[in-house]
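# Observations on the three-dimensional arrangement
Spelled out from the first residue to the last, the chains are:
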Amino acid sequence: MELRSVEELMDLLYACRGTRDDPGPGAAPVDAHDYALRTAALLRRGRPADKELQVAGLVRPVGRLLGPGEAAERADRAADAVRPLLGERVAGLVRRHPRHELPDDDDLLTLRTAEEEARTACFDAGVLEDWRTVLELLAARNSRLGAVD
């Protein structure tokens, strides 16, 4: 599946509400929608100029909605879906996130750290609509289709 518009992506992100992101043994599952918002908000605080990194934290959960599978399979689906709309860097971060056997760079470490903190952080991360403008800006810059409704 390729996402062709920000509206399609927003619909998928809204659909993450109520789905559980299971971090593994010993950790409590979290709501994927809220978790993605907290992750993106933490990345926004830590790296305010890096919109692609922030959006990678926001869109990672959509792979779960695109089909079942292990974390790496879900990451591949999410990366393939967002690549035409949000670009190669966002897709690459989403794809590499669950693959701990790959060498880490600063961006991937920052993303993983924000996700770990977002699991236990309790703060108001805003609403998904707060991210529409950022998604539209990235889509306008990266989309080969030019669709940014």
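These lines cover the structure that appears in this document, whether it is placed above or below. (Residues numbered from 1 in each chain as written. Predicted model: local features only at pLDDT ≥ 70, side-chain atom pairs only at ≥ 80, totals over all residues. Heavy atoms only, no water.)

## Section: the packing of aromatic side chains
For the coordinates displayed, the defined rule picks out zero aromatic pairs. One Lys or Arg, arginine 45, reaches over the ring of phenylalanine 123 and ends 4.4 Å from the middle of that ring. (Phe/Tyr/Trp six-rings, centres within 6.5 Å; stacked < 30°, edge-to-face > 60°. Lys NZ or Arg CZ within 6 Å of the ring centre and 35° of its normal.)

## Observations concerning the packing of helix H5 (residues 71–86) against helix H8 (residues 132–142)
Where H5 meets H8, the axes come as close as 7 Å, and the angle between the chain directions of the two elements is 75°. With respect to each other, H5 and H8 are oriented roughly perpendicular. Contacts from Pro84, Leu85 and Leu86 of H5 reach H8 at Leu135, Leu138, Ala139 and Asn142. Along the lines of polarity and charge, the residues of the contact of H5 with H8 split into six nonpolar, one polar and no charged. (Axes fitted to C-alpha atoms, helices over the stretch in contact; angles between N-to-C directions. Helix = DSSP H or I, 4+ residues; strand = E, 2+ residues; numbered from the N terminus. Parallel < 35°, antiparallel > 145°, perpendicular 65-115°, else oblique. Contact = heavy atoms within 4.5 Å. Nonpolar A, V, L, I, M, F, W, Y, C, P; charged D, E, K, R; others polar.)

## Quick look at the environment of alanine 40
Here alanine 40 lies in helix H2 (residues 32–46). Judged by relative accessible area, which is 0%, alanine 40 ranks as buried. In sequence terms alanine 40 and valine 59 are 19 residues apart; their C-alpha atoms lie 8.9 Å from each other. Beyond its immediate sequence surroundings of up to four residues, alanine 40 is in contact with Gln54, Leu58 and Trp131. (Buried < 20%, exposed > 50% of the residue type's maximum accessible area, 1.4 Å probe, protein only.)

## Here's the deal with the nonpolar core
By size, the foremost hydrophobic cluster in this structure holds 43 residues, and its most contacted members are Leu9, Leu58, Val59, Leu86 and Leu135. Sorting the residues of this core by element identifies helix H1 (6–15), H2, helix H3 (51–59), H5, helix H6 (88–96), helix H7 (106–120) and H8 as the ones contributing at least two each. With eight residues, the single largest contributor to this core is H2. Ignoring sequence-local partners within four residues, the contact set of leucine 86 consists of Leu9, Val55, Val59, Leu135, Leu138, Ala139 and Asn142. (Core = buried A, V, L, I, M, F, W, Y, C linked by side-chain atoms within 4.5 Å.)

## Some details on the pattern of salt bridges
Per the stated rule, a full pass over the model turns up 15 salt bridges. Here aspartate 50 makes a salt bridge to arginine 47, at a shortest N to O gap of 3.2 Å. When its relative accessible area of 14% is taken as the criterion, aspartate 50 is described as buried. Arginine 83 serves as the salt-bridge partner of glutamate 88, at 2.8 Å between the closest nitrogen and oxygen. Since its relative accessible area comes to 52%, glutamate 88 is described here as exposed. Counted as one network, the salt bridges with shared partners bring together Arg47, Asp50, Glu52, Arg89, Asp106, Asp107 and Arg141. (Salt bridge = Lys/Arg side-chain N within 4 Å of Asp/Glu carboxyl O.)

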